[in-house]
Amino acid sequence: MESTEVESDILRRVRTLLRELDGHHPACQCDRGMLRWTLHKKIDQNPSNSSVLVRILVKELERAERGDFRHYIIPLLHTLMYTLIKAPCISDELCSRVYDFCKKLLTLPRPFCTIGLDCAARLKVERAAPGTLYQRMVISEQSLRSDPYPYQEKIFIFADPELLSEAICKALVTDTEAAQASQSPRVCMCCVIIHAMQAALGEGCDVGGLKAALQAVPTSAVERWFRQVVAAVESAGSAASAARDQHAASLERIHCAILSSLQGGSAPLAEPQGTPLPNPSISFHLWTEGDQLWRELVLFVRPLSQSCEQDCLSQDLETFEIQDIISECECCEQSRFSVLSTDSGIERDLPAAAEEPPAPSGAEPDPARLQRKGGIKKKSSPLESVAFLQPGCNGPAAKPPVKPPRRPGIAPEPAAPLQRLHTARIVLLGDDRILGRLAQAYHSLRKRETRRVFLTPRLNLQFYYIPVVTGQPSTSGSTDQEELCEVATYLGRADPWYESNIHTLSHMIPKLATMPSSPSRHPGTDLFITDVIAYYVRMGTQPVLFQVYAVKIFFNDPAQEPAEDVFLTELCTQAQDSISHRDLSTTKKKMTLDGPGIDLTVTYRKVVVSDREKELALSLRSTGLVMKAIPANEAQELVCLSVNITEIIRINNLSGRSFSAVANRLKTRNIKIRSTEQRPFTVCLDKDSRRAYRNVISVEVSPCLEPSYCLQRTRTMKFNQHEAEDVGLVKYMPKSLLLPINTFAGVIP
């Protein structure tokens, strides 16, 4: 295909992609969500066209910036950056044009200035040392050992087996395994070496000779050249005044050294070939246990094979659990660890002194000495042991480093701050119900970190959400299935690129899971789901913050302790049908007089424009209510509950007494609901029937507080008991617990 035909074909594909952003969907609905994927696949098949696509995207970006097409900017910029990372070689002139455009975005409001600044910073490094972005991405995603760039990343896919079918779970497992099948550390190191040579040397790089030479040498030689290439690229990228010529000269020497090891010389240079970008490291998990997320993150930061496991854990440490450092903080009181004491407080139970001779093994115990009965010995998991969570434990028999004695008059050296070298990217597959479980797990994780900090200074945690709907799409109106994906609908309205690439796949993923695989397809090729997940986690860097709400539930039985839980999307209450036989006749008579439902007292703080709190109270008869935390449109704020109460109104007329249901709507952040006649009702959280509470008489809902804020405020109040407002460090800490879910642009105003 001639160059003009290639350029016109790529331009047509880009314009089709932009038309989809305007709401003009393709004629075939099955193509929705695949336009971006097919465009990048076409460039992967012929990498020499990467420069053509970059040039077209730059022109479209400049046209969108001049006209009133701001919603084109972020999708085009993400497409351009992804192409630039994978491209074998891009001229400095093109990179300079993209860099200048990104600097123009700094004058625009968020999120344009935020994304423009991030892209400009990465392009500056790429211009100084071509191939840096590709190299860093592969090193971190594959966890390759590299001293100049020691960062590691991993993708964790979590799916609820009760929400997704077995066929979908099997298809996802097959896809992730096929993506990793042909990848090994040696293959990934070869990709880094070859791409760095291509990016720096351009047409002077002998790709065929490099591949042949790297295949012929042992792994130790590949590792040696990999370390040399990484050191050369990182040193050039970190130097402020680095010249591309010097960087190219250093890689030219490594290039010649690799080719010199090839027997029989190298073949003549052919057309530039591309180096594929390896699939990221992905693990698939069926979410069956509550603390499964926390355990996987701890194992990622410190694997058991590299930590103090059985050899390092003594018998005392096996029975020792993390002690609760918070006794007065109500926020972290509920799920604290229990501590089993082995000391009875009796002096005679103390162990014998060192100077006392040990008693003979066959001697009978002294009857005068009090004996301790056999108690329960609780064995904790190695993940919860103090030895495992100690920062200096890195080997099976590792000992803490010995500190040198401090000389008098010399101040001790400050401890080096921990670096977040690990990034865990958590991808949730399902509907709003799995996000409710995520809110629970995230709240529990934050409370663990408040009691004993381990993951926070070491781990960068990112959340992603891909909706999956198992039913068939409906052409008319909203359905129950769409009601289960309110978060994805909101994210799609806030970010058109998320809507185009992620939300539209909610019905496609189940279809792909049930399609029979082609026998001619090679494993690992055209893995659509894996490619979409990889693109999403690589380019989706802008979080949308969702408020997590705390709920306290009181039951009809006074002996039953109140339950505390959290929810993210919805709380639903409904009048309970089950009534005791003793009150059955009285209830029937009251329902005949007052109508269906129960009498409720609702106390809430009204949300007003001035943000002033105004507490109101009302009494009504209702059959149920729904609190929604996700707004109906993107213009509304997320930190607000929309409460819809179904109120029963009695109407007296000539024909008799009748009742009508009226929707009573209010907006609030704090609300209390109580049954005045002690008749119970049911509460369901996040549309999940597994999280339903029965025999409830009262509910209190408020924004969930950040556990670390609660701890610091508790400590501050000990010394400032008369201060009503936050003082000291508490003023600058985040007060509310917000769940961040990443998209491509965040919220576009």
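Since the structure is predicted, the reported quantities are computational estimates derived from the model, not experimental observations. In this numbering scheme, every chain counts its residues from 1 along its sequence in written order. Two thresholds apply to this predicted model, a pLDDT of at least 70 for residue-level local features and 80 or more for giving and counting side-chain atom pairs, whereas whole-chain, interface and lining totals are computed over all residues. As a rule here, side-chain values come from all non-hydrogen atoms in the structure, and water together with hydrogens is ignored.

## Some remarks on the overall build of the protein
Going by this rule: Secondary structure elements follow DSSP: runs of H or I no shorter than four residues count as helices, runs of E no shorter than two count as strands, and numbering proceeds from the N terminus. Whether two residues touch is decided by their heavy atoms; if any such pair falls within 4.5 Å, the residues are in contact.
The number of helices and strands found in the protein is 23 helices and 15 strands. For the protein, long-range pairs separated by at least 24 residues make up 78% of all intrachain contacts whose partners lie at least 6 apart in sequence.

## Quick notes on the packing of helix α7 (residues 132-142) against helix α9 (residues 185-201)
Basically, it comes down to this: Axis lines are fitted to C-alpha atoms, over the contacting stretch for helices. Their N-to-C directions set the angle, which ranges from 0 to 180 degrees. Throughout, the term roughly parallel applies to angles under 35 degrees, roughly antiparallel to angles over 145, roughly perpendicular to angles from 65 to 115, and oblique to all others. Residues are sorted three ways: Asp, Glu, Lys and Arg are charged, Ala, Val, Leu, Ile, Met, Phe, Trp, Tyr, Cys and Pro are nonpolar, and all the rest, Gly among them, are polar.
Closest axis-to-axis distance for the α7/α9 pair is 10 Å, and the angle between their directions is 170°. Judged by the angle between their axes, α7 and α9 are roughly antiparallel. Contacts from Tyr134, Gln135, Val138 and Gln142 of α7 reach α9 at Cys188, Cys191, Val192 and His195. Residue classes in the contact of α7 with α9 are distributed as 5 nonpolar, 3 polar and no charged.

## Considerations on the packing of aromatic side chains
For clarity, the cut-off: Centre distance within 6.5 Å is the pairing criterion for rings of Phe, Tyr and Trp, where only the six-membered ring of Trp is used; planes under 30 degrees apart are then read as stacked, over 60 as edge-to-face, and the remainder as tilted. Only protein chains enter the area calculation, which uses a 1.4 Å probe; residues under 20% of their type maximum are buried, those over 50% are exposed, and those in between are partly exposed.
Taken as a whole, this structure holds 14 aromatic pairs when the rule is applied. Here Tyr442 and Phe463 contribute two aromatic rings whose centre-to-centre distance is 5.5 Å and whose plane-to-plane angle is 85°, an arrangement assigned as edge-to-face. With Tyr442 in helix α16 (residues 432-451) and Phe463 in strand β4 (residues 459-467), this residue pair connects regions lying 21 residues apart in the sequence. Take Tyr442 and Phe463: they sit in the same class, and that class is buried. Centroid distance Tyr464 to Tyr536: 5.1 Å. Interplanar angle 80°. Geometry classified as edge-to-face.

## Looking at the confidence of the model for the protein
In plain terms, the rule: Confidence scores per residue from the predictor, reported as pLDDT, run from 0 to 100.
Confidence in the prediction for the protein averages 80 pLDDT; 72% of positions are at 70 or higher. In this model, residues 353-378 is a region of pLDDT below 50 whose contacts with residues beyond four sequence positions or in other chains number 20 contacts. The model gives residues 578-592 a pLDDT under 50, and that stretch makes 13 contacts with residues more than four places away or in other chains.

## Section: the sheet that holds strand β2 (residues 282-286)
Each strand in a sheet pairs with its neighbour through backbone hydrogen bonds, running either in the same direction (parallel) or in the opposite one (antiparallel). The criterion, for reference: At least two DSSP bridges between two strands are needed for those strands to be called paired.
Taken together, 4 strands build an open sheet; the order of strands is β2-β1-β3-β4 and the sheet is parallel. In this open sheet, the two strands that pair with only one neighbour each are β2 and β4. Strand-to-strand twist across the sheet, computed as the mean angle between neighbouring axes with direction ignored, equals 20°. Strand direction decides the pairing type here: strand β3 (residues 422-430) and β4, joined by 9 bridges, are parallel. Across the sheet, residue Ile426 finds its bridge partner in β4, namely Phe463.

## Notes on the pairing of strand β10 (residues 614-628)
The side chains of a regular strand alternate, first on one face of the sheet and then on the other. Across 5 bridges, the pairing between strand β8 (residues 570-575) and β10 is antiparallel. For Cys572, the partnering residue across the bridge sits in β10 and is Val626. Sheet analysis places strand β9 (residues 598-606) next to β10, joined by 9 bridges and oriented antiparallel. Bridge pairing in β10 links Thr603 to Ala617.

## Looking at the pairing of strand β13 (residues 681-685)
With respect to burial, β13 is a largely interior element, 4 of its 5 residues being buried. By the bridge criterion, 5 bridges tie β8 to β13 in an arrangement that is antiparallel. Each bridged residue has a counterpart across the sheet, and for Ala575 the counterpart in β13 is Phe681. By the bridge criterion, 3 bridges tie β13 to strand β14 (residues 692-703) in an arrangement that is antiparallel. Paired with Phe681 across the two strands is Val696, which belongs to β14. Between the antiparallel neighbours β13 and β14 lie 6 residues, among them Asp686 with a positive phi of about 55°.

## Brief notes about the state of the cysteines
Using the following cut-off: The rule for a disulfide is simple: a pair of cysteine sulfur atoms within 2.5 Å.
Taken as a whole, this structure holds 0 disulfides when the rule is applied. Looking at Cys188, it has no disulfide partner, and the nearest cysteine sulfur is the one in Cys191, 6.1 Å off. Given a relative accessible area of 1%, Cys188 falls into the buried group. This cysteine, Cys684, is not joined by any disulfide, and Cys572 carries the nearest cysteine sulfur, 6.5 Å off.

## Considerations on the pattern of salt bridges
Using the following cut-off: The rule for a salt bridge is simple: a side-chain nitrogen of Lys or Arg has to be within 4 Å of a carboxyl oxygen of Asp or Glu.
Taken as a whole and judged by the stated rule, the model has 34 salt bridges. Between Arg13 and Asp9 there is a salt bridge, and its shortest N-O distance comes to 3.3 Å. Taken together, the residues span about one helical turn, with Arg13 and Asp9 both in helix α1 (residues 3-21) at a distance of 4 residues. Look at Asp9 and you get buried, because its relative accessible area is 14%. Arg679 is the partner of Glu677 in a salt bridge, and the nearest nitrogen-oxygen pair spans 3.6 Å. By relative accessible area, Arg679 is classed as buried at 13%. Among the charged side chains, a salt-bridge network with shared partners connects Asp432, Glu483, Glu486, Glu570, Lys628 and Lys687.

## Quick notes on unusual backbone geometry
A cis geometry characterises the amide bond from Arg110 onward to Pro111, with omega recorded as 5°. Note that Pro111 resides in the loop between α5 (92-104) and α6 (112-128). Positive phi outside glycine occurs at Ser143, with the angle close to 55°. Within the secondary structure layout, Ser143 lies in the loop between α7 and β1 (152-159). Residue Ser143 is classed as partly exposed on the basis of its relative accessible area, which comes to 30%. Notably, Asp686 is not glycine yet its phi reads approximately 55°, a positive angle. Following the sequence through the fold, Asp686 ends up in the loop between β13 and β14.

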